Amino acid sequence: MTQQQGFYSKVAEKFGGYSSGAQRTTSFPQGDPEERFDALVRELASPTGRLLDVGCADGRNLLAVAPSFGRVDALDLSPEMLASAERHRAASGLDHVEFALGDASATGFPDGAFDVVTSRRGPLFPEEFRRVLRPGGSVVHLGIAERDVQELKEVFGRGQLYGRWSKTPVLREESDRLERAGFTVDHAREFTYDEYFHTPADLDRFLQMVPIFEDYDSAADRDAFERYAARATTSEGIHLARHWFVLRAQRN
Ligand SMILES: C[S@@+](CC[C@H](N)C(=O)[O-])C[C@H]1O[C@@H](n2cnc3c(N)ncnc32)[C@H](O)[C@@H]1O
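No experiment lies behind these values; they were computed from the predicted model shown. Within every chain, residues take consecutive numbers counted from 1 along the sequence as written. With pLDDT at 70 or above as the cut-off, local features in this predicted model cover only qualifying residues; side-chain atom pairs require 80 or more to be listed or tallied, and sums for whole chains, interfaces and linings still use all residues. Heavy atoms from the whole structure form the basis of all side-chain values; hydrogens and water molecules are not counted.

**Points about the overall build of the protein chain**
We count it as follows: Only runs of H or I of at least four residues qualify as helices and only runs of E of at least two qualify as strands under DSSP, and these elements are numbered from the N terminus. Within these notes, the globule rule equals 2.2 Å times the number of residues to the 0.38 power, and the radius of gyration is based on C-alpha atoms. Classification of residues uses two cut-offs on accessible area relative to the type maximum, computed with a 1.4 Å probe and protein chains only: under 20% is buried, over 50% is exposed, and between them is partly exposed. Contacts are residue-level and defined by heavy atoms, with any inter-residue pair within 4.5 Å sufficient. Per-residue and other accessible areas were derived by the Shrake-Rupley procedure at a 1.4 Å probe size, with only the shown protein chains allowed to occlude residues.
Scanning the protein chain for helices and strands turns up nine helices and nine strands. In terms of overall dimensions, the protein chain is globule-like: its C-alpha atoms have a radius of gyration of 18 Å, near the 18 Å expected for 252 residues. Overall, the C-alpha framework of the protein chain stretches about 50 × 40 × 35 Å when taken along its three principal axes. Evaluated residue by residue, the protein chain yields a buried proportion of 51% over its 252 residues. Of all intrachain contacts in the protein chain linking residues separated by at least 6 positions in sequence, the fraction that spans at least 24 positions is 71%. Taken as a whole, the protein chain presents about 11400 Å² of accessible surface, with 47% of it coming from carbon and sulfur.

**Focus: the UniProt feature "domain: Methyltransferase" (unreviewed entry) in the protein chain**
What counts is decided by this rule: UniProt positions are given in the numbering used here, feature names are shortened, and annotations may be inferred rather than shown by experiment.
The sites that UniProt annotates as "domain: Methyltransferase" (unreviewed entry) are residues 52-137. In the segment residues 52-137, helix accounts for 31% and strand for 30%; the C-alpha atoms at its two ends are 11 Å apart.

**What to know about the pattern of salt bridges**
Any two side chains of opposite charge can pair, given that their charged atoms come close. Heads up, the rule is: We define a salt bridge as a side-chain nitrogen of Lys or Arg found within 4 Å of a carboxyl oxygen belonging to Asp or Glu.
Following the criterion strictly, the structure yields 22 salt bridges and no others. The closest approach of N and O atoms between Glu34 and Arg120, which form a salt bridge, is 3.0 Å. Highlighted residues: Glu34 in helix H2 (residues 33-43) and Arg120 in strand E5 (residues 114-120), separated in sequence by 86 residues. Given the relative accessible area of 10%, Arg120 is considered buried. A salt bridge links Arg158 to Asp215; the shortest N-O distance between them is 3.1 Å. With Arg158 in the loop between helix H6 (150-156) and helix H7 (170-180) and Asp215 in the loop between helix H8 (200-209) and helix H9 (222-232), the pair connects residues that are 57 residues apart, well separated along the chain. Assessed through its relative accessible area of 23%, Arg158 is described here as partly exposed. Among the ionic contacts, a cluster of salt bridges with common partners joins Arg24, Asp148, Glu195 and Arg242.

**Observations concerning the side chain of Lys153**
In plain terms, the rule: For the purpose of charge, His is not counted, nor are the chain termini; Lys and Arg are scored as positive and Asp and Glu as negative. Any pair of N or O atoms that falls within 3.5 Å is considered a polar contact. Within protein, one atom must be able to donate a hydrogen and the other to accept it, and sequence-neighbouring residues count only if both atoms are side-chain atoms.
For Lys153, the location among the structural elements is in helix H6. No salt bridge is formed by the buried Lys153; its nearest oppositely charged neighbour, Asp148, is found at 5.3 Å. For Lys153, the side chain forms a polar contact with the main-chain oxygen of Gln160, separated by 2.6 Å. Every residue in contact with Lys153, bar those within four places of it in the chain, is listed here: Asp148, Arg158, Gly159, Gln160, Leu161, Tyr162, Trp165, Ile212 and Phe213.

Rendered as structure tokens:
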């Protein structure tokens, strides 16, 4: 079991899926990146279109766009997340969607099988995605950019993409990787936005669910948590400054 797989399996066991229920208010001065991602995916949809989603987790976000496609396959490394995804699928009644345990870097699907590959905060493997896409097919990716929760990570002194804010932007690097693998990027946009957690308990729940600190421990990290909360508390709640990107590229 990889570290990531273990992390997401623990999250699914603890929260029953990929949602902590933490209460927060969100403000999107540049628009909501998830809405942008969904809109870009829907632009590519058709009743006969075939979609592959990688890193689907509990599948809830995928099931919202799935009705626009003719057939949908989804992969994740975590059996616990997939069990949750299958429960959501059964409740949705969507029988053209199949969830399977699999690694996005070696999907096992035939060459050219898909019209669209999506990765919503999941991994990006340009060569494998190019292989399973038909010529002219597209990949759509929602990713975490280098300044995401930078101040929180500075207070903790660690975290996902720690220190990356002073290096090559993630969007630039991922665009280059796609171009090198034989894609043409047709959409690349960054989003900064604000989240306000209503109480310290809400922020604590959120940090237990996301891989910002895969080793986050409410007790061991209490000092750093309180130092951050003291400086980031506003009248709206405890502030987190987010930085995401949305990328779409067409297979040459
Ligand atoms: C941040 S979650 C994304 C959740 C989901 N796409 C969403 O937006 O709600 C990332 C997911 O990617 C999965 N994952 C990470 N690496 C993977 C890989 N190489 N192949 C398949 N799934 C992977 C993890 O198990 C996890 O469930």
